[in-house]
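Per-entry structural report
Spelled out, the chains give:
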Amino acid sequence: MSVDDYAEDDRLTTGGWRDALDDGLLLGQECRDCGHVTGAPKAACARCGSRALDTVRLPEEGTVYSVTRIEVAPEGFDAPYHVAMVALDDGRVTARLDGEADIGETVTFTGAASTPEGPAPRFG
Amino acid sequence: MHDAHVVGVGMTPFGVHDATLPDLFAEAALPALDDAGAAPDDVEALYFGNAMGGQIEGDSHLAPTVASHVGLAGVPCQRFEDACATSSNAFKNAVQAVEAGQHDVVLVGGVERCSPETGKGTGAMTRIFASAAHGAYERPTGLTFPGVFALLTKRHMHEHGTTPEQLAEVAVKNHYHGSLNDRAHFGKETTTEEVLDGPVVADPFRLHDCCPFSDGAAAVVVASEDAAADLSGDPVRVAGVGHATDVVPLADKAHPSTTQAARDAAREAYEAAGIAADDVDFAEVHDCFTGAEVLATEALGLVTDGEGGAAAAAGRTALGGEIPVNPSGGLKAKGHPIGATGAAQIVELTEQLRGEADERSVEGADVGLAHNLGGDAATTVVSVLEAADAGEVAR
Ligand SMILES: [Zn+2]
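What comes next concerns the included structure. The numbering scheme is per chain: residues are counted from 1 as the chain's sequence reads. Each chain takes a letter, starting from A, and each ligand takes a number, starting from 1, following the order in which they are written. Note on the predicted model: pLDDT of at least 70 is required for a residue's local features to be given, and 80 or more for side-chain atom pairs to be given and counted; whole-chain, interface and lining totals, by contrast, use all residues. With hydrogens and water excluded, all non-hydrogen atoms of the structure serve as input to the side-chain values.

**Comments concerning the coordination of the zinc ion**
All names here are of chain A. Protein-derived ligands of the zinc ion are C31 (SG), C34 (SG), C45 (SG) and C48 (SG), with the metal-ligand distances lying across 2.3 to 2.4 Å. Here the term donor refers to an N, O or S atom within 2.8 Å of the metal (or 3.2 Å for Na, K and Ca), and because water is left out of the atoms, sites may appear incomplete. The geometry test gives tetrahedral to four donors whose angles all lie between 85 and 135 degrees, gives square planar to four donors and octahedral to six donors whose opposite members are over 155 degrees apart with all other angles between 65 and 115, and gives irregular to the rest. Coordination geometry of the zinc ion: the four donor atoms subtend angles of 102 to 115° at the metal centre, consistent with an arrangement described as tetrahedral. Read N to C, the donor residues that coordinate the zinc ion are spaced as C-x2-C-x10-C-x2-C.

If you want it as C-alpha cells, here you go:
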C-alpha cells in the first residue's frame, strides 16, 4: 500500500495513522505552507493553521529528545517501561522505548506496541 | 472598564474527605460568602470548577447542583474544565465578567476528590489523570501525568544541568512551608535524603517529588469596586490575568521545556497589571512535581532561565528569600484537589496580601502572582493580585 492509501479525502486521520502503525509504517504530516512536521496528524497545521498537509512517512531513525522510566502505571499497563520523545529530522514523536537510552542516543523504529489505549510507535 | 476585587475567601483543609462534592464545596463557599459579607441576593453568578467528577465519582452537571446547595439557586452557573487549571480559568472568566460590568458580585470556586477515599486506587487515578494527555498519540505509550512532567524535566536537566538534588530541594522547601499551613495535606517536613531515597514514580521523579492525591474545595468572591465598597470583606485588587495554551501533544511543542504557555500568560498578566517580573513579591506556582516548579519560576521570569533548580537549592525561593515561591506549601505539600487548586492559589494570595497568613507570611508583600497549569503543559493561567492599600505599586 502507498502512504496515501491510509489518508481519507487526502487527509491522514487518527484511524489511518493507527492502521498504518499496525502495518509497521510510521506516518505523519508535513505542512506545505510552513514545513512543520508532526507525528500526531491533525486536521490543520498546529503551527500555521494551514490545511495543506501532505501525508508522509517519517524517518525511522532518530535521536532521543527526552525519556522517562514509568514505574507507576495507569490501569491496564505493566510497569516499568520507558517512554521517550524521539526527534526525527524535523518532527518528533512520543514513543515506547525498548530498554534504556539516554538523551541524544540514536534509536530506530521497530513497529507498534499494542496497548489497551491503541497502538503506539516503538523504538529500540 | 471596572476594577475587579477579591472580597471574600474560603477553603477546606486539603487532604482526605468523605463528604460529597456539594457538601465539600459548601465548606469553602459559605465561609467565602461570609468573609465577603455577601448575602445570597448579592451574588449574581457562579463560576464553578470541577475537572474529573464525571470520571471519579460519576457526577456531572454539577454547577447548578452546588449553586442550589449553597443558597444560590437560579443564578447563571457555568462549569469549567481545564484539567489542573480548572478553577483559575473559572476565576479568569469571573474577573472578565466583573470588569465588563456584566456582573457585580460573583462566587468562583472549585471542588475535587482524588484520594483513595473515593474508591479509586492509584492505578485508576493514574489512568484518569492521564486522560488530560493526548488520547491518540500519548496515552497508548503509557504516558502518565508524572511522565509528562518527567519528560519536560529530563530535557531541562539535559539542557541546563539541573540535578535530582536540586529537585529534592524544591520538595524540602515546600514541605517546610506546608508545615506552617494548618490546611496543608502534608504538614510535616522532609529531607533531601528522604526525597532521594523514595521509590521512583516516573524518572527523575520519586514519590516525594510528586504532589499527593488530595480532596478539597476553595472559593473566592469577586466583586466590582462599587460592590466591594458595599460589602464588608477586606478587598484585594485583581491587577491582571493572563491565559494561554500551547500545542498538544507534548512532542509538537516548539521547545517543550520552556513551557511557552506560561511565558505567554505571564506577559499578558504583567502587561495588564503594568508590572514586570521584578515587581512580584511572592508567587504560588503549579508545582504538581518538583520539576514543574523549576520550569515555572523560569517561565514567569522570577529567576533566570536555567537557574530554577539552583535558585531553589540556594534558598532564593524560600520564605525569607528574595522571591518566596509557594509559601502555602504549594501543590506539593498543601495538596492538589484538581478542580480546587487554582481557586486555592487565589485564596493564598488574598490572605498574604491582607496580612492574614500568620507564620507563613511574606514580609511586606504588595504584589502576589498565581500560576496554574493544566494538562499537557497546555492551559496556563497567570493572575496578579495587589494589596488594596499598595497604591501604585512599584511602577
Ligand atoms: Zn504549517
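**Focus: the interface of chain B and chain A**
In this analysis, two residues are considered to be in contact whenever any of their non-hydrogen atoms come within 4.5 Å of each other. Each side of the interface is counted separately: chain B has 36 residues, and chain A has 38 residues. Carbon and sulfur atoms make up 58% of the area that chain B and chain A hide from each other, which totals about 3,100 Å². Its largest share of buried area at the contact with chain A, chain B owes to Y137, T141 and L151 of chain B, together 22% of the area lost on that side. Salt bridge criterion: a side-chain nitrogen from Lys or Arg within 4 Å of a carboxyl oxygen from Asp or Glu. Along the contact surface separating chain B from chain A lie two salt bridges. Between R139 of chain B and E117 of chain A there is a salt bridge, with the nearest N and O atoms lying 3.3 Å from each other. Side-chain atoms alone can form a polar contact between residues adjacent in sequence; in general such a contact is a pair of N or O atoms within 3.5 Å, and within protein one must be able to donate a hydrogen while the other accepts it. Taken together, the links from chain B to chain A amount to 21 residue pairs in polar contact (both at pLDDT 80 or more). When two components associate, each loses some accessible surface as probed by a 1.4 Å sphere; the sum of these losses over both components is called the buried area.

**Points about empty space enclosed by the protein**
Computed over the protein atoms alone on a 1 Å grid, cavities are sets of points where a 1.4 Å probe fits but cannot get out and pockets are open sets with protein on both sides within 12 Å along at least five of seven lines; a residue lines them when it has an atom within 4 Å of a point. Grid points are joined across faces, edges and corners, and a volume is the space filled by probe spheres set on the points. Inspection of the entire model under this criterion finds three cavities of 30 Å³ or more. There is about 60 Å³ of room inside the largest cavity. Looking at the largest cavity, the residues that line it are W17, G39, A40, R92, V93, T94 and P121 of chain A together with Y137, P249, A251 and D252 of chain B. Counting from the N terminus, the helices are the DSSP runs of H or I reaching at least four residues and the strands are the DSSP runs of E reaching at least two. Looking at the lining of the largest cavity, the element that brings in the most residues is strand β6 (residues 91–97) of chain A, giving three residues. Per-class residue counts for the lining of the largest cavity are seven nonpolar, two polar and two charged. The calculated volume of the second largest cavity comes to roughly 50 Å³. Taken together, Q29, E30, C31, H36, T38, K42, A44, C45, A46 and L53 of chain A form the lining of the second largest cavity. Side-chain classes are defined by residue name, with Ala, Val, Leu, Ile, Met, Phe, Trp, Tyr, Cys and Pro counting as nonpolar, Asp, Glu, Lys and Arg as charged, and the others, Gly among them, as polar.

**A few points about helix α5 (residues 122–130) of chain B**
Turning to α5 of chain B, its buried residues number three or more, namely A124, M125, T126, I128, F129 and A130 of chain B. Against α2 (53–56) and α6 (145–160) of chain B lie the buried residues of α5 of chain B. Throughout, exposure labels follow a simple rule: accessible area from a 1.4 Å probe, protein chains only, divided by the maximum for the residue type, with under 20% read as buried, over 50% as exposed, and the rest as partly exposed.

**Description of the sheet that holds strand β2 (residues 45–49) of chain B**
All names here are of chain B. Note on pairing: two strands pair once DSSP finds at least 2 bridges between them. Ordered by their spatial adjacency, nine strands build an open sheet running β3-β2-β4-β7-β1-β8-β11-β10-β9, and the pairing between neighbours is mixed. Looking at which strands have only one partner, the edges of the open sheet turn out to be β3 (77–80) and β9 (282–284). Across the sheet, the axes of successive neighbouring strands diverge by a mean angle of 25°, strand direction being ignored. Examined bridge by bridge, strand β1 (residues 4–11) and strand β7 (residues 215–224) share seven bridges and lie antiparallel to one another. What sits directly across from A4, in β7, is S224. Lines fitted to the C-alpha atoms define the axes, with helices restricted to the stretch that makes contact. Angles between their N-to-C directions range from 0 to 180 degrees.

**Here we look at the pattern of salt bridges**
Residues and elements named next belong to chain B. Tallying each qualifying case throughout the model produces 22 salt bridges over all chains. The salt bridge involving R183 is made with E351; its shortest N-O contact spans 2.7 Å. Of the two residues, R183 is situated in the loop between α7 (164–178) and α8 (192–197) and E351 in helix α14 (residues 341–354); the sequence distance between them amounts to 168 residues. Each member of the pair R183 and E351 is classed as buried.

**Notes on the layout of surface pockets**
Residues and elements named next belong to chain B. If you add up the space inside the largest pocket, you get close to 420 Å³. As for the largest pocket, its lining consists of 20 residues, and the residues nearest its centre are V201, L207, C210, C211 and F213. Looking at the lining of the largest pocket, the elements that each hand over two or more residues are α5, α6 and β5 (200–202). Ranked by the residues each element gives to the lining of the largest pocket, the list is headed by α5, at three residues. Its residues assigned to classes, the lining of the largest pocket shows 14 nonpolar, five polar and one charged.

**Details of the nonpolar core**
Membership of the largest hydrophobic core comes to 43 residues, with the highest contact counts inside it found for F149 and C288 of chain B. Every element with two or more residues in this core is listed here: β4 (61–70) and β5 (81–88) of chain A together with α5, α6, α7, β5 and α11 (290–299) of chain B. For this core, the element with the most residues is α6 of chain B, which contributes seven residues. Counting 38 residues, the second largest nonpolar core, distinct from the first, contains V95, V106, A344 and A387 of chain B. We define the nonpolar core as a collection of buried residues of types Ala, Val, Leu, Ile, Met, Phe, Trp, Tyr and Cys that are connected through side-chain atoms lying within 4.5 Å of one another.

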